[in-house]
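# Geometric and topological summary
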Amino acid sequence: MTSYIVVTIVISVICATLLLASVLLIHNISLRVYDAEKKLKLAEERISELEKKLQEAEPGYEDFWAFEECEGGVRILAYTGGDELKGTVEIPSVIGGRPVTALGSRLFYECKHIEEVIIPDTVSCIGDAAFCICNSLRSINFPPGLTQIPADCFNECGFTSLVIPDSVTRIRRGAFVNNRKLEEIVLPSGLTEIELMTFAGCKSLRRVVIPSGVKKIADGAFNDCGALSEVILPEELSEIGMMAFLACRSLKSVSIPGSVTVIGDIAFPESTELIRG
């Protein structure tokens, strides 16, 4: 009888273990399916958006670029060449006899083999997610007339270092999310806020100097920057959002200026020593 009970218990444990493994496997598969569906949805939205623009704007075509007229010149909507873009891509400064002043949203979305982009000085506006998931992109120039980097612009790119010029006064939410190879970045002096999730997931980023004019670091701005070991905060800073530096496991201590009046929930890892100025 005792042997029967033991065997029953062993079988129950094995069944429970198999059930748990099955649940975990299903969970992992579900996450991968969700990620694939998300990327598919983004691609479908991009195609739909481009089709709508092409219908509404009646764009022209020149040298494999689709474009539309906009204030002061033309906006490039899409690359229409048959070959996959790779290596160095030089964006034309003139199309249809007019200057190229803007790059459309998701223009180079998921162009995974582009390594360098040369943007002409005529460009002053870049659309959201223009270079999103350009995994091999390591080099880009910022035109002198560019004043803001749009939302999700450089998600999952391949930069190792960046110097953003002082002409840029705003870097919008999620602009550099998951740039896993980015080790160093120089931020422009005119910034007043580090926006939501701007540098989240930049796992190789080691040091950040926040410009003196920044008054707010938004939620999750540097979340999951695992190599970040030094953060210099400005004296004018007044707010640090929740989870701003969460999962920054290498951040042993941070000097908090006396001007800071708000620190959000779990803004720093529990192991990080906060030294009040």
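Our subject is the structure listed above.
Predicted, not measured: the structure shown is a model, and the values here were computed from it.

## Considerations on the pairing of strand S6 (residues 98-103)
Relative to S6, strand S3 (residues 73-79) runs parallel, the two being bridged by 3 bridges. Looking at S6, one finds that Arg 75 is bridged to Ala 102. If you look at the hairpin formed by strand S5 (residues 94-95) and S6, you'll find 2 residues sitting between the two strands, and Gly 96 has a positive phi there, around 60 degrees. In the sheet, S6 pairs with strand S8 (residues 125-126) via 2 bridges, with the strands oriented parallel. Its bridge partner lying in S8, Leu 103 is registered against Ile 126.

## Focus: the sheet that holds strand S9 (residues 139-140)
Overall, parallel pairing links the 3 strands, which are arranged S4-S7-S9 in an open sheet. What marks the edges here is a single partner per strand, and that holds for strand S4 (87-90) and S9. Here 4 bridges tie S4 to strand S7 (residues 114-118), and the two strands are oriented parallel to one another. Looking across to S7, one finds that Thr 88 is bridged to Glu 116.

## Here's the deal with the nonpolar core
If you look at the biggest cluster of nonpolar residues, it comprises 65 residues, and the most contacted ones within it are Phe 108, Phe 131, Phe 154, Ile 217, Phe 222 and Phe 245. When contributions to this core are tallied by element, the ones reaching two or more residues are strand S2 (65-70), S3, S6, S7 and strand S19 (253-256). Look past the residues within four positions of Phe 108 in its chain and what remains in contact with it is Trp 65, Leu 85, Val 89, Ile 91, Ile 114, Ala 130, Phe 131, Cys 132 and Cys 134.

## Quick look at the packing of aromatic side chains
Summed over all chains, the structure comprises 12 aromatic pairs. Judged by centre distance (6.2 Å) and plane angle (85 degrees), the ring pair of Phe 142 and Phe 154 falls under edge-to-face. A residue pair is termed long-range when its members are at least 10 positions apart, and Phe 142 in the loop between S9 and strand S10 (148-149) and Phe 154 in the loop between S10 and strand S11 (161-163) qualify at 12 residues. The buried category is assigned to Phe 154, whose relative accessible area is 1%. Arranged with centres 5.2 Å apart and planes meeting at 5 degrees, the rings of Phe 222 and Phe 245 form a pair that is stacked. With a gap of 23 residues between them, Phe 222 in the loop between strand S16 (216-217) and strand S17 (230-232) and Phe 245 in the loop between strand S18 (239-240) and S19 connect regions that are remote in the sequence. Taking the relative accessible area as the measure of exposure, Phe 245 reaches 0% and is therefore buried.

## Considerations on unusual backbone geometry
One non-glycine residue, Met 243, lies in positive phi territory at about 60 degrees. By the element assignment, Met 243 lies in the loop between S18 and S19. Located in the positive-phi region is Ala 247, a residue other than glycine, with phi close to 65 degrees. As for its placement among the helices and strands, Ala 247 is situated in the loop between S18 and S19.

## A word on the sheet that holds S16
With parallel pairing, 4 strands are arranged side by side in an open sheet as S14-S16-S18-S20. What marks the edges here is a single partner per strand, and that holds for strand S14 (193-194) and strand S20 (262-263).

## Thoughts on the state of the cysteines
Tallied over the entire structure, the rule returns 0 disulfides. The thiol of Cys 125 is unpaired, and the distance to the nearest cysteine sulfur, on Cys 70, comes to 7.8 Å. No disulfide involves Cys 157; its nearest neighbouring cysteine sulfur is the one of Cys 134, lying 5.2 Å away.

## Let's talk about the environment of Ala 227
Note that Ala 227 resides in the loop between S16 and S17. With relative accessibility at 26%, the residue Ala 227 sits in the partly exposed group. Residues contacting Ala 227, with those up to four places away along its chain left out, are Lys 203, Ser 204, Leu 205, Arg 206 and Ser 250.

What counts and how
Here the residue numbering is sequential within each chain, running from 1 through the sequence in written order. With the structure being a predicted model, the display of local features is reserved for residues of pLDDT at least 70 and the display and counting of side-chain atom pairs for 80 or more, all residues being used for whole-chain, interface and lining totals. As a rule here, side-chain values come from all non-hydrogen atoms in the structure, and water together with hydrogens is ignored. Paired strands, in this sense, are two strands between which DSSP finds at least two bridges. Helix and strand definitions follow DSSP, with helices as H or I runs of at least four residues and strands as E runs of at least two, each counted in order from the N terminus. By convention a nonpolar core is built from buried Ala, Val, Leu, Ile, Met, Phe, Trp, Tyr and Cys residues, the set being connected through side-chain atoms within 4.5 Å. Under the scheme applied here, a residue whose accessible area is under 20% of the maximum for its type counts as buried, over 50% as exposed, and between as partly exposed, the area being computed with a 1.4 Å probe on protein chains only. Should any heavy atoms of two residues lie within 4.5 Å, those residues are counted as being in contact. We call Phe, Tyr and Trp rings a pair once their centres come within 6.5 Å, taking the six-membered ring for Trp, and we label the pair stacked below 30 degrees between planes, edge-to-face above 60, and tilted otherwise. Disulfides are defined as cysteine sulfur pairs within 2.5 Å.

In short, geometric facts, not functional conclusions.
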